[in-house]
Amino acid sequence: MSVQDSRRADAESTTTTANEHVGSHLGKVFGVSVLAALIVTVFVLAFTWPTKTSEAHNMPVSVAGPKKAVDQFEDKINEKSGDTFDFVSADSRDDAVDQIKHRETYGAVILAEQPGTPEVLTAPASNSAATQVMSGIADQLTQQIKGQITGQVEQMKAASGGQLKPEQAQKALAMQEKAADTKVAETEVVPLSDDDSNGSGLAVAAFPLVLGGMLGGVMITFLVKGVWRRLIAAVVYGAAAGLSLTLILHTWFGFVQGNFGLVWLAFGLSAMATATFILGCTAILGAPGIGIGAVVTMLLGNPLSGAQVPWQFMVEPWGRIGQYMVPGASNTLLRSLSYFPDAPMAQQWWTLVVWVAVGVALTAFGHFRHNRINDEPEESHDADGRQLGGESAGDAGNHPAPRHRRGGSEVAAD
């Protein structure tokens, strides 16, 4: 080796050693830190915003009783509560119960002719927040009845000039005792199971179901090669995940009730819908597709699912939109299968099926699109080796196909 070559090698070695000891540029340090903080902020905002902005409004409640009593009740409640309730007329108590069991309303108020006492029907299995609102109605009615009785006693005292006759005093005392003992009855039409008495189990299970679907899609994307193999893996994953979740939440914990097979199908279809959507996004966009899938399923779908509060409480139209996303549809479907077998569920089943179909279509489209690009004939070159027409070799290298389409062997395997 010449002296010049030796000096060049020493210089390169010194430069390499120096580069190894030089840390990241301060701009990159601050940039990465700010980006990480921004991501955390977005996640916190996405999960807390629906709770912060949600308020009780447009909550469907059945009302049954004499027309005059119903009109007076609705006027008084609307005067105090504004648009909190969306009252639905019921012909009788049985009709109101039927509306609750079909998930048309979250509860009911049954009014009676005086001196009868009203009754409030609740459905704790529908939503704990809605049940608390119905309990608030019962408290209002109780205070209203007590106020009416107290007012009648005061009228008796005023009419007698403050000196009640013995029989009047005895009657007034009986009325005051009645007022003290008065309490509007609350009847649970659809109670929660003994294994999930506060309803937190089913609500808490909503987030792991979303996260599990995402992880399944990501793992299949990076560990399984071949478009058809990936789709088969998504089906197998949905069946296996659905079975394990059903065994835990239905058979073991008792958080979910209803038919074992239908619950299994609901869990499996939910997991597969999220997984195939992740597969489709990555097939179209590559690795950035995982971020798109996370935004749609976790940052939008899960907070808008209505697992914690009724979707009607959310700012319009977000609550309604959430019911057409995988987390919202699966949460509503599982709650109906568990406690409201008479409720219509076609919308939820079809929503999950459509999301699966969208994921499969995106996966297939992304695969065949990149397959067509990779199979295009090479462009001719001039005498100097320059490409004639189309993209240059360097430009083409800047647009690699997703990982599942790289390499001739993988293309053949598809």
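Just so we're clear, the structure is a prediction, and the values are computed from it rather than from any experiment.

**Examining empty space enclosed by the protein**
Turning to step 1, where the next piece is worked out: Scanning the entire structure with this criterion turns up 1 cavity of 30 Å³ or more.
Turning to step 2, where the next piece is worked out: For the largest cavity, the calculated volume is near 90 Å³.
Turning to step 3, where the next piece is worked out: Together, Leu202, Ala205, Ala206, Leu209, Val210, Phe267, Asn302, Pro327, Ser330, Asn331 and Leu334 line the largest cavity.
Turning to step 4, where the next piece is worked out: Those elements that provide at least two residues to the lining of the largest cavity are α8 (206-223) and α13 (326-339).
Turning to step 5, where the next piece is worked out: Examining the composition of the lining of the largest cavity, we find that 4 residues originate from one element, α13, more than from any other.
Turning to step 6, where the next piece is worked out: Per-class residue counts for the lining of the largest cavity are 8 nonpolar, 3 polar and no charged.

**Structural notes on unusual backbone geometry**
Turning to step 1, where the next piece is worked out: Residue proline 317 is reached from glutamate 316 by a cis peptide bond, and omega for that bond is 0°.
Turning to step 2, where the next piece is worked out: One non-glycine residue with positive phi stands out, namely asparagine 58, at about 55°.
Turning to step 3, where the next piece is worked out: For asparagine 58, the position within the fold is in the loop between α2 (26-53) and β1 (59-64).
Turning to step 4, where the next piece is worked out: The exposure class of asparagine 58 is partly exposed, given its relative accessible area of 31%.

**Section: the layout of surface pockets**
Turning to step 1, where the next piece is worked out: Considered as a void within the structure, the second largest pocket measures approximately 520 Å³ in volume.
Turning to step 2, where the next piece is worked out: Mapped onto the lining of the second largest pocket, the elements with two or more residues apiece are α13 and α14 (346-374).
Turning to step 3, where the next piece is worked out: Counted by class, the lining of the second largest pocket contains 10 nonpolar, 13 polar and 4 charged residues.

**Here's the deal with the confidence of the model for the protein chain**
Turning to step 1, where the next piece is worked out: Model confidence for the protein chain is summarised by a mean pLDDT of 82, while 80% of its residues fall at 70 or above.
Turning to step 2, where the next piece is worked out: In this model, residues 374-381 is a region of pLDDT below 50 whose contacts with residues beyond four sequence positions or in other chains number 11 contacts.
Turning to step 3, where the next piece is worked out: Here residues 403-414 is modelled with pLDDT under 50, and outside its nearest four sequence neighbours on either side it reaches 27 contacts, counting other chains as well.

**Focus: the pattern of salt bridges**
Turning to step 1, where the next piece is worked out: As enumerated under the stated definition, the model contains 2 salt bridges in all.
Turning to step 2, where the next piece is worked out: Residue lysine 67 pairs with aspartate 71 through a salt bridge whose shortest N-O separation is 2.9 Å. Placement of the pair is lysine 67 and aspartate 71 together in helix α3 (residues 67-81), with a separation of 4 residues, close to one helical turn.
Turning to step 3, where the next piece is worked out: According to the relative accessible area criterion, aspartate 71 is partly exposed, its value standing at 32%.
Turning to step 4, where the next piece is worked out: In this structure, arginine 93 engages glutamate 119 in a salt bridge whose closest nitrogen and oxygen atoms are separated by 3.0 Å. You can see arginine 93 sitting in helix α4 (residues 93-101) and its partner glutamate 119 sitting in strand β4 (residues 119-122), a full 26 residues away along the chain.
Turning to step 5, where the next piece is worked out: With relative accessibility at 33%, the residue arginine 93 sits in the partly exposed group.

**Let's talk about helix α5 (residues 128-159)**
Turning to step 1, where the next piece is worked out: Taking 1.5 Å per residue as the helical rise, α5 with its 32 residues ought to reach 46 Å, and the 47 Å between its terminal C-alpha atoms agrees with that figure.
Turning to step 2, where the next piece is worked out: One side-chain oxygen at the N-terminal end of α5 lies 2.9 Å from the backbone nitrogen of alanine 129; it belongs to asparagine 127.

**A look at the pairing of strand β3 (residues 107-110)**
Turning to step 1, where the next piece is worked out: Of the two faces of β3, the one carrying Gly107 and Val109 and the one carrying Ala108 and Ile110 are both buried.
Turning to step 2, where the next piece is worked out: Pairing between β3 and β4: 4 bridges, direction antiparallel. Note that in β4 the partner of isoleucine 110 across the bridge is glutamate 119.

**Regarding the packing of α8 against helix α9 (residues 227-252)**
Turning to step 1, where the next piece is worked out: In contact at an axis separation of 10 Å, α8 and α9 are set at 150° when each is read in the N-to-C sense. Between α8 and α9, the interaxial angle falls into the category roughly antiparallel. Relative to α9, α8 is oriented so that their crossing is right-handed. Listed contacts from α9 to Leu209, Gly212, Gly213, Gly216, Ile220 and Thr221 of α8 are Arg230, Ala233, Ala234, Tyr237 and Leu245.
Turning to step 2, where the next piece is worked out: The residue inventory of the contact of α8 with α9, partitioned by class, reads 6 nonpolar, 4 polar and 1 charged.

**Examining the packing of aromatic side chains**
Turning to step 1, where the next piece is worked out: Across all of its chains, the model carries 7 aromatic pairs by this definition.
Turning to step 2, where the next piece is worked out: Ring geometry for phenylalanine 260 versus tryptophan 264: centroids 6.3 Å apart, planes at 70°, classification edge-to-face. In this pair, phenylalanine 260 and tryptophan 264 are both assigned in helix α10 (residues 260-285), 4 residues apart and thus about one turn of the helix distant.
Turning to step 3, where the next piece is worked out: Here a set of aromatic residues connected by ring pairs shows up, and it is made of Phe73, Phe85 and Phe87.
Turning to step 4, where the next piece is worked out: Here the guanidinium or amino end of arginine 103 rests over the ring plane of phenylalanine 340, the centre of that ring lying 4.9 Å away.

What counts and what doesn't
Residues numbered from 1 in each chain as written. Predicted model: local features only at pLDDT ≥ 70, side-chain atom pairs only at ≥ 80, totals over all residues. Heavy atoms only, no water. 1 Å grid on protein atoms, 1.4 Å probe; cavity = no way out; pocket = protein on both sides within 12 Å on 5 of 7 lines; lining within 4 Å. Points joined across faces, edges and corners; volume = space filled by probe spheres on them. Helix = DSSP H or I, 4+ residues; strand = E, 2+ residues; numbered from the N terminus. Nonpolar A, V, L, I, M, F, W, Y, C, P; charged D, E, K, R; others polar. Buried < 20%, exposed > 50% of the residue type's maximum accessible area, 1.4 Å probe, protein only. pLDDT = per-residue confidence, 0-100. Contact = heavy atoms within 4.5 Å. Salt bridge = Lys/Arg side-chain N within 4 Å of Asp/Glu carboxyl O. Expected span 1.5 Å × (residues − 1). Polar contact = N/O pair within 3.5 Å; in protein donor to acceptor, adjacent residues only side chain to side chain. Pairing = 2+ DSSP bridges. Axes fitted to C-alpha atoms, helices over the stretch in contact; angles between N-to-C directions. Parallel < 35°, antiparallel > 145°, perpendicular 65-115°, else oblique. Left-handed = near helix turned anticlockwise from the far one by under 90°. Phe/Tyr/Trp six-rings, centres within 6.5 Å; stacked < 30°, edge-to-face > 60°. Lys NZ or Arg CZ within 6 Å of the ring centre and 35° of its normal.

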